Amino acid sequence: MELFVEIVVSICLLGGAAFALVGSIGLARLPDFYMRLHGPAKASTLGVGGMVIGSTIFFSTRGNGLSLHEILVVVFLFITAPISAHIVAKAALHLQLPTVARTRRPENKS
Amino acid sequence: MLNVVIPIAFFMISAALLLNLWRLLIGPSLPDRILALDTMYINAIALLVLYGIYQQGEFYFEAALLIAVMGFVGTVVLSKYLLRGDIIE
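Residues numbered from 1 in each chain as written. Chains lettered and ligands numbered in written order. Predicted model: local features only at pLDDT ≥ 70, side-chain atom pairs only at ≥ 80, totals over all residues. Heavy atoms only, no water.

Caption draft 1: Focus on the interface of chain A and chain B. Every contact between the two is made by 47 residues of chain A and, on the other side, 46 residues of chain B. Both sides of the chain A and chain B interface together cover about 4,200 Å² of buried area, and 80% of this is carbon and sulfur. Linking chain A to chain B there are one salt bridge. Notably, a salt bridge pairs Asp 32 of chain B with Arg 36 of chain A, separated by 2.8 Å at the nearest N-O pair. Elements represented by at least two residues in the side of chain A that touches chain B include exactly helix H1 (2-29), helix H2 (33-60) and helix H3 (69-95) of chain A. For the side of chain A that touches chain B, the element with the most residues is H3 of chain A, which contributes 16 residues. Looking at the side of chain A that touches chain B, its residues break down into 31 nonpolar, ten polar and six charged. (Contact = heavy atoms within 4.5 Å. Buried area = accessible area lost by both parts, 1.4 Å probe. Salt bridge = Lys/Arg side-chain N within 4 Å of Asp/Glu carboxyl O. Helix = DSSP H or I, 4+ residues; strand = E, 2+ residues; numbered from the N terminus. Nonpolar A, V, L, I, M, F, W, Y, C, P; charged D, E, K, R; others polar.)

Structure representation (structure tokens):
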């Protein structure tokens, strides 16, 4: 039982860390801003979500009952990540940042 | 098994933070730097959760929640300043 819990927690931690690393590689390597917005906005919340699920399983099997206050962090992140990505994209559209040729511009710029 | 996995995850999150720092330093425009800071605080939350498992202490989640709240407010305020030239209109 203990080994099974450890394997599940390890898979969650490694998956979360891998998602966070992939999102940051996307932030560092993609060619223009609108592509760079895509990577961390999804992968980082998924990464934190995976690590928090691993942490919840780890602390819930310590014997002190169910441990749910980590969920609060990830619920807050899931609510706020689209809002911050949206408002950063609006700021970038307002500043009319340069794009690579394959990125399509929106028709009605606000 | 966790003794092996936790240092690997520490290494991956630290590499992610270094990549964010590189984007924050070279970022050609201001929204790039805001986005790099946003990703840095999310990775810092992941690092704090991982450190909470490593130390087996439950006090790190309050710090993670504070970083989440303050990082979100900072991102929104910086973008609002770029968008409108003012924060509270």
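That covers the picture; the talk isn't over yet.
Caption draft 2: Here's a closer look at the side chain of Asn 20 of chain B. Relative to the elements of secondary structure, Asn 20 of chain B occurs in helix H1 (residues 2-26). What makes Asn 20 of chain B buried here is its relative accessible area of 0%. The residues touching Asn 20 of chain B, leaving out its near neighbours within four places in the chain, are Ser 24 and Leu 27 of chain A together with Ala 36, Thr 39, Met 40 and Asn 43 of chain B. (Buried < 20%, exposed > 50% of the residue type's maximum accessible area, 1.4 Å probe, protein only.)

Caption draft 3: Spotlight on the side chain of Arg 36 of chain A. Take Arg 36 of chain A: it is sitting in helix H2. Residue classification places Arg 36 of chain A among the buried positions, given a relative accessible area of 4%. Here Arg 36 of chain A is in contact with Gly 26, Leu 27, Leu 30 and Pro 31 of chain A together with Arg 23, Pro 28, Asp 32 and Leu 35 of chain B, once residues within four sequence places are set aside.

Caption draft 4: Seen up close, helix H2 (residues 30-55) of chain B. Taking 1.5 Å of rise per residue, 26 residues should cover 38 Å, and H2 of chain B covers 37 Å from first to last C-alpha, within 8% of that figure. A positive backbone phi angle near 55° is found at Gln 56 of chain B, which sits one or two residues after H2 of chain B. (Expected span 1.5 Å × (residues − 1).)

Caption draft 5: Structural context of the nonpolar core. Judged by nonpolar contacts, the single largest core of 33 residues is most densely connected at Leu 13, Val 48 and Met 51 of chain A together with Ile 45 of chain B. Of all elements in the fold, only H1, H2 and H3 of chain A together with H1, H2 and helix H3 (60-84) of chain B reach the threshold of two or more residues within this core. For this core, the element with the highest residue contribution is H2 of chain B, accounting for eight residues. Among residues more than four places away in sequence, those in contact with Leu 13 of chain A are Met 51 of chain A together with Leu 2, Val 5, Ile 6, Leu 50 and Ile 53 of chain B. Among the nonpolar cores identified, the runner-up in size contains 15 residues, and Phe 33, Leu 37, Ala 91 and Leu 97 of chain A belong to it. (Core = buried A, V, L, I, M, F, W, Y, C linked by side-chain atoms within 4.5 Å.)

Caption draft 6: Molecular detail of the confidence of the model for chain A. Here chain A averages 85 in pLDDT, while 95% of its residues score no lower than 70. Within chain A, the element-level pLDDT minimum falls on H2 of chain A, averaging 86, and the maximum on H1 of chain A, averaging 90. (pLDDT = per-residue confidence, 0-100.)

Caption draft 7: Expanded view of the layout of surface pockets. Considering only enclosed or pocket space, the largest pocket measures out at about 160 Å³ in volume. Lining the largest pocket are 13 residues; nearest its centre among them are Phe 58 of chain A together with Leu 2, Asn 3, Ile 6 and Gln 56 of chain B. Those elements that place two or more of their residues in the lining of the largest pocket are H1 of chain A together with H1 and H2 of chain B. When residues of the lining of the largest pocket are assigned to their parent elements, the largest contribution, four residues, is made by H1 of chain A. Residue composition of the lining of the largest pocket, by class: seven nonpolar, three polar and three charged. (1 Å grid on protein atoms, 1.4 Å probe; cavity = no way out; pocket = protein on both sides within 12 Å on 5 of 7 lines; lining within 4 Å. Points joined across faces, edges and corners; volume = space filled by probe spheres on them.)

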